[in-house]
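Examination of the molecular architecture
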Amino acid sequence: MMTANQCTTILNMVRLLKIYNKLLISLFLISIITVSFAPALAFQTGRIEMDDIFVDYSKLDRSSIEAEAEYLFYNGETAESKEDRLKFFDLAMGKYQLLTKIDPSQIYPCVQLGRIYDEKKVDRMAKEYFYRATNLNSRDPYANFYFGEFFYKRNNYKRALNYYLISYNNGYNNSYDLNLKLGKTYEKLADLIKAREFYEASLKMYPENTELQEKIN
């Protein structure tokens, strides 16, 4: 006959075998589920990644996206509340970013993105897009004017002047806004002779500006 210790040992072994069998069954079921669902998951993941990589942006309707972007940007500029202003700018931003993917050689959407980030006070991103625009064409008057605006708002008048002058010398010499801003910039830099020159040019374009007339006097 078996002793009490032998019976206890056998009972423990039986219990261990039952636990081991349960573990084997669980692992088997998990492996079946994994094998069943893995192809579907891999397919879905692969499809998303392939779509992201191989989107043909040239197939998108660029003109309608441009129109939407301009409409949203205009509403952002004219919105009365800050909340609405930021909402429209955020929506416009998505459209302009899409335009940069449709045609990466286009300067205009880069400048608009720079202007939006400027409004949102995200300086690093604003400069990134302004640099991207001026790298595409270092003499582009539109890009240089708004890069100048970026630095003017931050009281960096010497850098602002540099970009304003590039804009002025490449097609924007008849711009009232630019002539006025050049006058203000030279005044900030204490060059009153130059300031007067550009103030007078501005006044010729907009004689109704009595405040400017008083400043010149």
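Below is a short write-up of the structure. (Residues numbered from 1 in each chain as written. Predicted model: local features only at pLDDT ≥ 70, side-chain atom pairs only at ≥ 80, totals over all residues. Heavy atoms only, no water.)

Bringing the side chain of D103 into the picture now. Within the element layout of this structure, D103 appears in the loop between α3 (82-102) and α4 (108-119). For D103, a relative accessible area of 18% corresponds to the buried category. Within the local environment of D103, its side chain forms a polar contact with the side chain of S105, the two groups lying 2.6 Å apart. One polar contact links D103 to Q106, side chain to side chain, over a distance of 3.1 Å. (Helix = DSSP H or I, 4+ residues; strand = E, 2+ residues; numbered from the N terminus. Buried < 20%, exposed > 50% of the residue type's maximum accessible area, 1.4 Å probe, protein only. Polar contact = N/O pair within 3.5 Å; in protein donor to acceptor, adjacent residues only side chain to side chain.)

Turning our attention to unusual backbone geometry. Phi angles above zero are rare outside glycine, and K121 is one such case at about 65°. The topology assignment puts K121 in the loop between α4 and α5 (123-136). Judged by relative accessible area, K121 falls into the exposed class, the value being 60%. The backbone of N155 sits at a positive phi, close to 65°, despite the residue not being glycine. Following the sequence through the fold, N155 ends up in the loop between α6 (141-153) and α7 (157-172).

Here the focus is the environment of L161. Mapped onto the elements of the fold, L161 is located in helix α7. Taking relative accessible area as the criterion, L161 reaches 12% and is therefore assigned buried. Contact partners of L161, with chain neighbours within four places excluded, come to L182, T185, Y186 and L189. (Contact = heavy atoms within 4.5 Å.)

Taken as a whole and assessed by the stated rule, the structure comprises 16 salt bridges. With a closest N to O distance of 2.9 Å, R85 and E119 form a salt bridge. Of this pair, R85 sits in helix α3 while E119 is found in helix α4, placing the two residues 34 residues apart along the sequence. For R85, a relative accessible area of 23% corresponds to the partly exposed category. With a relative accessible area of 32%, E119 lands in the partly exposed category. (Salt bridge = Lys/Arg side-chain N within 4 Å of Asp/Glu carboxyl O.)

Our next topic: the nonpolar core. Core analysis: the biggest nonpolar cluster contains 45 residues, and Y96, V111, I116, F130, Y164 and L182 have the highest contact counts within it. The leading source of residues in this core is α6, at eight residues. Discounting chain neighbours no more than four positions away, the residues touching V111 are F130, A133, Y142, A143 and Y146. (Core = buried A, V, L, I, M, F, W, Y, C linked by side-chain atoms within 4.5 Å.)

Because each turn of an α-helix spans 3.6 residues, side chains separated by three or four positions in sequence point in the same direction. With 17 residues, helix α2 (residues 62-78) should cover 24 Å at 1.5 Å per step; its first-to-last C-alpha distance of 24 Å lies within 8% of that length. For α2, the set of buried residues is I65, A69, L72, F73, N75 and G76. Along the axis of α2, the buried positions cluster into a sector of 160°, meaning they face one direction only. Looking at α2, the residues exposed on the side facing more than 90 degrees away from the buried face are Y71 and Y74. Buried-residue contacts for α2 involve α3 and α4. (Expected span 1.5 Å × (residues − 1). Arc of directions from axis to C-beta.)

A few words on the packing of α5 against α6. One way to put it is that α5 packs onto α6 with a least axis distance of 10 Å and a crossing angle of 155°. Classified by the angle their axes make, α5 and α6 are roughly antiparallel. The handedness of the crossing between α5 and α6 comes out as left-handed. Contact residues: D123, A126, K127, F130, Y131, A133 and T134 in α5; A143, N144, Y146, F147, F150 and F151 in α6. For the contact of α5 with α6, the per-class residue count stands at nine nonpolar, two polar and two charged. (Axes fitted to C-alpha atoms, helices over the stretch in contact; angles between N-to-C directions. Parallel < 35°, antiparallel > 145°, perpendicular 65-115°, else oblique. Left-handed = near helix turned anticlockwise from the far one by under 90°. Nonpolar A, V, L, I, M, F, W, Y, C, P; charged D, E, K, R; others polar.)

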